[in-house]
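Given next are the chains, with one letter for each unit.
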Amino acid sequence: YITMAFVLAPMIAPSLGGLLDMVASWRASFWLLTVLGTTVLAAAWLGLPETNLSLSRTPLLSPRNFAHLLRLRRFRGYALTLGLASSVFFSFLAGAPFVTIELLGRTPFEYGLWFLLISLGYMMGNYLTGRYSQAVGIDRMISIGNMLTLAGGLLCLFGALVGILSPASLFLPMMLAALGNGLTIPNGTADA
């Protein structure tokens, strides 16, 4: 459920960035990020105390502990699953703005509006994870999520192969993949 809240910023960011691009310029997004980042840094610096009161203890992520994790076959399986599931989203994130804006001739603001579907898909997956993981089981939720992510990717590929290229043919299948990621990533993280 916490991840659903974290998705709000990436959900709004492309639309806001596109709007800033239309109203001001592409540089306006960077100025806004500078102001927001500086504000958050100052608030954290002034308002968050140190929580690690025993700084001399061995850190949790020491090389020895990391090596132990890598020896666990189950951990490696979850890590690989999470990496592959995430790669679908990041591959899309790398190419979708170019396809939407340059090839389809849409504005950055339109791209941002279409991108809302991806965020909504991920949020729905996170909601279903929180609601049903205990009843269904973590590994089964991961399997269902992986199948949905694969289906979304294959639908995008199919559309490209048969020459169907539109925002809907791009973003609707990826909404399905994002829903799958919303099932896979939280469950895989929890079990890893």
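Above this text is the structure in question.
Below: a short report on this structure.

Conventions we followed
- Residues numbered from 1 in each chain as written.
- Predicted model: local features only at pLDDT ≥ 70, side-chain atom pairs only at ≥ 80, totals over all residues.
- Heavy atoms only, no water.
- Helix = DSSP H or I, 4+ residues; strand = E, 2+ residues; numbered from the N terminus.
- Buried < 20%, exposed > 50% of the residue type's maximum accessible area, 1.4 Å probe, protein only.
- Contact = heavy atoms within 4.5 Å.
- Areas by Shrake-Rupley, 256 points an atom, 1.4 Å probe, with all protein chains shown as cover.
- Lys, Arg positive; Asp, Glu negative; His and termini not counted.
- Charge placed at Lys NZ, Arg CZ, Asp CG, Glu CD.
- Phe/Tyr/Trp six-rings, centres within 6.5 Å; stacked < 30°, edge-to-face > 60°.
- Core = buried A, V, L, I, M, F, W, Y, C linked by side-chain atoms within 4.5 Å.
- 1 Å grid on protein atoms, 1.4 Å probe; cavity = no way out; pocket = protein on both sides within 12 Å on 5 of 7 lines; lining within 4 Å.
- Points joined across faces, edges and corners; volume = space filled by probe spheres on them.
- Nonpolar A, V, L, I, M, F, W, Y, C, P; charged D, E, K, R; others polar.

### Description of the overall build of the protein
(1) Moving on: When helices and strands are counted, the protein shows 8 helices and 0 strands.
(2) Moving on: If you list the helices and strands of the protein from N to C, you get α-α-α-α-α-α-α-α.
(3) Moving on: Over its C-alpha atoms, taken along the principal directions, the protein stretches across nearly 55 × 45 × 30 Å.
(4) Moving on: By the burial criterion, 29% of the 192 residues in the protein qualify as buried.
(5) Moving on: Long-range pairs, those at least 24 residues apart, make up 81% of the contacts in the protein between residues at least 6 apart in sequence.
(6) Moving on: Looking at the protein as shown, the accessible area adds up to about 12400 Å², and 72% of this sits on carbon and sulfur atoms.
(7) Moving on: Across the protein, the mean location of the 10 positive side-chain charges is 15 Å away from that of the 6 negative side-chain charges.

### Looking at the packing of aromatic side chains
What characterises a pair of aromatic rings is the spacing of the ring centres plus the angle enclosed by the ring planes.
(1) Moving on: Tallied over the entire structure, the rule returns 7 aromatic pairs.
(2) Moving on: Look at phenylalanine 92 and phenylalanine 171: their rings are 5.4 Å apart centre to centre, the planes differ by 90°, and that puts the pair in the edge-to-face class. Separated by 79 residues along the polypeptide, phenylalanine 92 in helix α5 (residues 73-103) and phenylalanine 171 in helix α8 (residues 167-191) bring together distant segments of the chain.
(3) Moving on: Among the aromatic residues, those joined into a ring-pair cluster are Phe89, Phe90, Phe92, Tyr111, Trp114, Phe115 and Phe171.

### Let's talk about the nonpolar core
(1) Moving on: Counting residues in hydrophobic clusters, the biggest one holds 20 residues, and the most contacted among them are Phe92, Phe115, Ile118, Phe171 and Met174.
(2) Moving on: At the level of elements, α5, α6 (108-136) and α8 are the ones that each hand at least two residues to this core.
(3) Moving on: A total of 7 residues in this core trace back to one element, the largest contributor, which is α8.
(4) Moving on: Apart from residues lying up to four places away in sequence, phenylalanine 92 is in contact with Pro97, Phe115, Ile118, Leu170, Phe171 and Met174.

### Observations regarding the layout of surface pockets
Any empty space left between atoms is shown by rolling a water-sized probe over those atoms.
(1) Moving on: The volume enclosed by the largest pocket comes to roughly 430 Å³.
(2) Moving on: Lining the largest pocket are 17 residues, and of these Ala13, Pro14, Gly17, Ser29 and Leu33 lie nearest its centre.
(3) Moving on: For the lining of the largest pocket, the secondary-structure elements that each account for two or more residues are α2 (8-23), α3 (27-47) and α6.
(4) Moving on: With 9 residues, the top contributor of residues to the lining of the largest pocket is α2.
(5) Moving on: Split by residue class, the lining of the largest pocket holds 13 nonpolar, 3 polar and 1 charged.
(6) Moving on: The calculated volume of the second largest pocket comes to roughly 230 Å³.
(7) Moving on: The set of elements that each furnish at least two residues to the lining of the second largest pocket consists of α5, α6 and α8.

The values are spatial; any link to function lies outside them.
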